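# A look at the structure
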Amino acid sequence: MARPWKHPDSGIYYVRKAVPARLRALVGKSLEKVSLGTHDPEEARRRHAKAILEIEERWEALQGGPKALSEREAHELAAPAQDRWIALHRDNPSLNFWQTDLFDRLWQQRRKGLWGRPDVVHQVLHGEYADRGEDEMEEWCLKQADILIRKKGLQVDPDGRRTLAKAVAAAIQRASLILKRHALGDVPGDDRPPKTPLVAPTPVTRRMDTQASVKFNDLVNGWAAERKPAEKTVYD
């Protein structure tokens, strides 16, 4: 179990780790088996150690019992979603369901408790309370929070689940704003400073000063006095 295990049918490598007896009731199984998502043995070996660490961290979290989830912890858990979202949509950055302009409308009590009031039914259906896609975005974030909770072995209450879902939404919002720039041609990784436009050099006006002119013979004599060449060189 210390090495990746190759499935005999699919050829995909897995990590398998026996669950300690004291944790089997919490984990709900006696053997953990997680896909490494690759057919390549070298890649499987690279992913194996990380997968083992994630399993052990999840077991440790299960032993810790239920806990309150702070906003900081939620953002730390959700942060990797930003890079994954960018990588997922890098080739076609404008093709994703996330609507950045609706982010401020998420997690608002837009419709709950309003249907019993006839005076606001029209507003619920057509006005500021109408769903513009927020419900789908919130539901998706809650599902992603559930995946994280299971993966990390967390035990959180409904408030903690909602806090984590809001952190996921924030990570996807950040990623989507970056993707919007990419869709406009802001090439990823091109952090070079803008080129400085070439400026033509200021032409230098040369002035002939007749008072400072020197005769050719004087130049030769001065050169000979400094260099002290052979007489033939001076003659040539």
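Anyway, here's the lowdown on the structure attached to this text. (Residues numbered from 1 in each chain as written. Predicted model: local features only at pLDDT ≥ 70, side-chain atom pairs only at ≥ 80, totals over all residues. Heavy atoms only, no water.)

Okay, the nonpolar core next. Side chains that are nonpolar tend, in soluble globular proteins, to be buried together. Counting 27 residues, the largest nonpolar core has Trp-98, Trp-107, Cys-141 and Leu-164 as its most contacted members. Secondary structure elements with two or more residues in this core: helix H3 (71–78), helix H4 (80–88), helix H6 (134–152) and helix H7 (158–183). Looking at this core, the element that brings in the most residues is H7, giving 10 residues. Once you skip the residues sitting within four places of it in the chain, Trp-107 turns out to touch Glu-138, Cys-141, Leu-142, Arg-162, Ala-165, Lys-166 and Ala-169. Core analysis: the next-biggest nonpolar cluster, separate from the first, contains 12 residues, Val-15, Leu-23, Ile-55 and Trp-59 among them. (Core = buried A, V, L, I, M, F, W, Y, C linked by side-chain atoms within 4.5 Å. Buried < 20%, exposed > 50% of the residue type's maximum accessible area, 1.4 Å probe, protein only. Helix = DSSP H or I, 4+ residues; strand = E, 2+ residues; numbered from the N terminus. Contact = heavy atoms within 4.5 Å.)

We now examine the packing of H6 against H7. When two helices pack together, their arrangement is given by the angle between the helix axes and the distance between those axes. Contact geometry for H6 and H7: axes closest at 8 Å, N-to-C directions at 110 degrees. Classed by the angle they form, the pair H6 and H7 counts as roughly perpendicular. Read as a crossing pair, H6 and H7 show a hand that is right-handed. Counted together, Trp-140, Cys-141, Leu-142, Gln-144, Ala-145, Asp-146, Leu-148 and Ile-149 of H6 and Arg-161, Leu-164, Ala-165, Val-168, Ala-169 and Ile-172 of H7 form the full contact between these two elements. Considering only residue class, the contact of H6 with H7 consists of 11 nonpolar, 1 polar and 2 charged. (Axes fitted to C-alpha atoms, helices over the stretch in contact; angles between N-to-C directions. Parallel < 35°, antiparallel > 145°, perpendicular 65-115°, else oblique. Left-handed = near helix turned anticlockwise from the far one by under 90°. Nonpolar A, V, L, I, M, F, W, Y, C, P; charged D, E, K, R; others polar.)

Here we come to the packing of aromatic side chains. Applying the stated criterion to the full structure yields 6 aromatic pairs. Their ring planes at 80 degrees and their centres at 6.1 Å tell us that Trp-85 and Phe-97 sit as a pair that is edge-to-face. In this pair, Trp-85 sits in helix H4 while Phe-97 sits in the loop between H4 and helix H5 (118–126), placing the two residues 12 residues apart along the sequence. Seen from their ring centres, Trp-98 and Trp-140 are 6.4 Å apart, and the 65 degrees between their planes marks the pair as edge-to-face. In this pair, Trp-98 is assigned in the loop between H4 and H5 and Trp-140 in helix H6, connecting sequence segments 42 residues apart. Exposure remark for Trp-98: the relative accessible area of 6% places this residue in the buried category. In this structure an aromatic cluster arises from ring pairing among Trp-85, Phe-97, Trp-98 and Trp-140. When the ring centre of Trp-5 is taken as reference, the NZ or CZ atom of Arg-16 above it lies at 4.5 Å. The positively charged end of Lys-33 is found above the aromatic ring belonging to Tyr-14, 5.7 Å away from the centroid. (Phe/Tyr/Trp six-rings, centres within 6.5 Å; stacked < 30°, edge-to-face > 60°. Lys NZ or Arg CZ within 6 Å of the ring centre and 35° of its normal.)

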